[in-house]
Amino acid sequence: MTEVVESRHFIQQMIDADIESGKWGAPGDRTVVTTRFPPEPNGYLHLGHTKAIILCCGIAREYGGKFNLRFDDTNPAKEEQEYVDSIKGDLEWLGATWDGDVKFASDYFEQMYQWAIELIEKGLAYVDDQTVDEIRAGRGNLKDGGKLSPFRDRSVEENLDLSAKMKAGAFENGTKVLRAKIDMNSPNMNMRDPLMYRIVNAPHHRTGSEWHIYPMYDWAHGLEDSIEGVTHSLCTLEFEDHRPLYDWFINAINQGRNDDEKIHHPQQTEFSRLFLSYTNMSKRFMRELVEENHVHGWDDPRMITVAGFRRRGYTPESFWKLADDVGITKFNAMVDFSRLENMVRDDLNARAPRRMAVLDPIKLIITNWADGGDEDRVEVMEAANHPKDESFGTRTINFAKELWIEREDFMIDPPKKFFRLGLGREVRLRCGYWAKCHDYKTDDAGNVTEVHCTYDPLTKGGNNPPADEEGKVRKVKGTIHWVNVNDAVDAEVRLFDRLYMAERPGKKTGDHIDDINPDSLKIITNAKIEPALLDVAGEPKWDDGIRRFQFERTGYFCEDSDSAAEKRVFNRTASLRDSWAKQSK
RNA sequence: GGGGGAAUGGUGUAAUUGGUAGCACGAGGGUUUCUGAUACCCUUAGUUCGGGUUCAAGUCCCGGUUCCCCUACCA
């Protein structure tokens, strides 16, 4: 037996070392570890965010530290309360509980402004009157350095005066900015006198009209982390180039301060984003899908938003499993969509109670039903709710002369390897009886409408018949699901396929809309479900209130939010693995 | 002709930091089975390339290749 050693990714290794060295507090004190998830409240959370959330929350949990949820609300033009609410809801659903109150960058505006004044006083920041275009041109490009702004050497007094007026709303949008005085020739574009504040005369969702200047990301982010005592500021790879600036701003504030007056300096560390095949995490793309009605909203089950996955029936656990599966590295990996699908299957297999439902019904008639007694009789069968876990209990289902079975479980002229119904073939009707086909009917178009079978009274409950006198037991290869015609309930079932046909949507033509799969949604209106699906009582409770099942042989389903007593609606979360479909291709 | 990152089976990810290249998923095959599901077993295939140091290199050194990110008053 080799012992399985839990491997630690590079961020965990770094934190382990920090704790040992006492970088953030007393050596060995793990509880100092503080992380944060800093969403901008301008859109819905998607799968990519879940990776960051789970990393940050998971780290804090592992070390017994703190995890903050902080809204980075530094851009009043795009932000709305609606998004704040949806993001909080998504985190709660994911089980990523944050410590303390929800934080907002806007709570720190005054402090950040005071620090900006300090930089001006130190000669490290200046007000620039150039236009957007002039600033852009002055920045230079990747090969050539930039030009110094003509306003770069304003006096401290003038800069102070101008900043105060900017803050008070004396100027129009775009007429002035506050910039850090760093290096216009830096090979790192972010260091070429980056903007700290711009004028935005617009109301903010929390501070109203109090502010007329708003901080830029690079200026604000590290300070927000510092104020909150964040030790490990984890972000994605594209911010690697920003780290020197992150550090520069904090060092600039600390410049000239005594050690005991220095502000906290968090460690920014970058990891790779999550890329999933056949999807795109671009906020803009998602917005287009919604606004151009390619989907039915942000929570459309085909969307890779947290809301979409939730409605599709995915469990929070499947996201944690996926995060664990893909790991944390600095390599931009493309993860196959089927991997995520496997995670839900795995989770749902263990936790979903079983039911029977027929998606594409044809009628099966037991022609010798009268042999066993009254032709109109109903026999009550007991069925296990889970094949491997008795704690799920049992339910009863009614068996009678007429049943619904799946259209694809009958073939007029089946190949040898087909283990279901066909003339002369016998199958087990799950938890019912064995049935042997001797006839069928079709409509004018040749579609099968009825399958006629005889049943074997010795197989009640679906059990094998007794052995013959030579000790041999008759076997049957296939087992199919069914629903009793008399008490079947009509339901709507929604089947989903991937939204895009291309592995990287939009790669070919530049427009992701060109890669949309026209058949990503299939609505079945005449599915037949067993009546036990109506009864909520006795189900294992799902923490998020969503009812999830496995419909035997057809997949995992959840009851949609559109579902009502008059019309039940189920979404297919994922199909079951189907080696027959693979083989018959 | 700039800067910052990254390359390990088909995919994702490990390797006690110089010491047997392992795990998971997939794929192929088999066993079990009242779900062609699940479970279980077997097989498959890998260190970006070229040099160098060393008893020993995925790991260290030199050089090359490929890919990603950076020129918003977005984050």
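Use the structure listed above.
Residues numbered from 1 in each chain as written. Chains lettered and ligands numbered in written order. Predicted model: local features only at pLDDT ≥ 70, side-chain atom pairs only at ≥ 80, totals over all residues. Heavy atoms only, no water.

A. Focus on the protein's contact with RNA strand B. Close contacts around RNA strand B come from 66 residues, with Arg354, Lys388, Gly461, Gln550 and Arg577 the closest. In this structure, a base oxygen belonging to RNA strand B sits 3.0 Å away from a side-chain N or O atom of arginine 339. Between a base nitrogen of RNA strand B and a main-chain N or O atom of lysine 417, the distance comes to 3.0 Å. Among the elements of the structure, helix 5 (132–138), strand 6 (195–199), helix 11 (316–326), helix 12 (337–351) and helix 13 (579–583) are those that each provide at least two residues to the surface near RNA strand B. Take the surface near RNA strand B: its biggest share by element is four residues, from helix 13. Here the residues of the surface near RNA strand B sort into 22 nonpolar, 21 polar and 23 charged. (Near = heavy atom within 4 Å. Polar contact = N/O pair within 3.5 Å; in protein donor to acceptor, adjacent residues only side chain to side chain. Helix = DSSP H or I, 4+ residues; strand = E, 2+ residues; numbered from the N terminus. Nonpolar A, V, L, I, M, F, W, Y, C, P; charged D, E, K, R; others polar.)

B. Structural view of helix 7 (residues 217–228). Between its first and last C-alpha atoms helix 7 spans 16 Å; for twelve residues at 1.5 Å apiece the expected length is 16 Å, and the two agree. Most of helix 7 sits inside the fold, with ten of its twelve residues counted as buried. Turning to helix 7, its buried residues are Asp218, Trp219, Ala220, His221, Gly222, Leu223, Glu224, Asp225, Ser226 and Glu228. Trailing helix 7 by a residue or two, glycine 229 shows a phi angle of about 70°, which is positive. (Expected span 1.5 Å × (residues − 1). Buried < 20%, exposed > 50% of the residue type's maximum accessible area, 1.4 Å probe, protein only.)

C. Local environment of the environment of glutamate 450. Residue placement: glutamate 450 occurs in strand 20 (residues 448–456). The spatial distance from the C-alpha of glutamate 450 to the C-alpha of lysine 363 is 4.8 Å, given a sequence separation of 87 residues. If sequence neighbours within four positions are ignored, glutamate 450 has contacts with Lys363, Ile365, Tyr440 and Lys441. A distance of 2.8 Å separates the side chain of glutamate 450 from the side chain of histidine 452, its partner in a polar contact. (Contact = heavy atoms within 4.5 Å.)

D. Molecular detail of unusual backbone geometry. For aspartate 193, which is not glycine, the phi torsion reads 45° and is therefore positive. Among the structural elements, aspartate 193 can be located in the loop between strand 5 (177–180) and strand 6. One non-glycine residue, asparagine 293, lies in positive phi territory at about 60°. When its relative accessible area of 61% is taken as the criterion, asparagine 293 is described as exposed.

E. Geometry of the packing of aromatic side chains. Under the definition given, this model contains 26 aromatic pairs. Ring centres of phenylalanine 399 and tyrosine 433 lie 5.2 Å apart, and the angle between their planes is 70°; this geometry places the pair in the edge-to-face category. Linking phenylalanine 399 in strand 16 (residues 394–399) with tyrosine 433 in the loop between strand 18 (426–429) and strand 19 (434–442), this pair joins segments that are 34 residues apart in sequence. Cation over ring: arginine 310 sits above tryptophan 93, and NZ or CZ is 5.4 Å from the ring centre. (Phe/Tyr/Trp six-rings, centres within 6.5 Å; stacked < 30°, edge-to-face > 60°. Lys NZ or Arg CZ within 6 Å of the ring centre and 35° of its normal.)

F. Spatial organisation of the sheet that holds strand 2 (residues 66–71). Read from one edge of the open sheet, three strands run 1-2-3, paired in parallel fashion. With partners counted over all chains shown, the strands left at the sheet margins are strand 1 (34–37) and strand 3 (103–104), one partner each. Inspection of the sheet shows strand 1 paired to strand 2 by four bridges, in the parallel sense. Residue pairing for strand 2: phenylalanine 37 is matched across the bridge by leucine 69. Together, strand 1, strand 2 and strand 3 form the strand contacts of helix 3 (residues 81–94), whose direction differs from that of strand 2 by roughly 155°. (Pairing = 2+ DSSP bridges. Axes fitted to C-alpha atoms, helices over the stretch in contact; angles between N-to-C directions.)

G. Spatial organisation of the pattern of salt bridges. Counted under the stated rule, the structure contains 49 salt bridges. Linking glutamate 317 and arginine 351 is a salt bridge whose minimum nitrogen-to-oxygen distance equals 2.9 Å. On the criterion of sequence distance, the pair formed by glutamate 317 in helix 11 and arginine 351 in helix 12 is long-range, its members being 34 residues apart. Using a relative accessible area of 31% as the deciding quantity, one classes glutamate 317 as partly exposed. For arginine 351, a relative accessible area of 27% corresponds to the partly exposed category. (Salt bridge = Lys/Arg side-chain N within 4 Å of Asp/Glu carboxyl O.)

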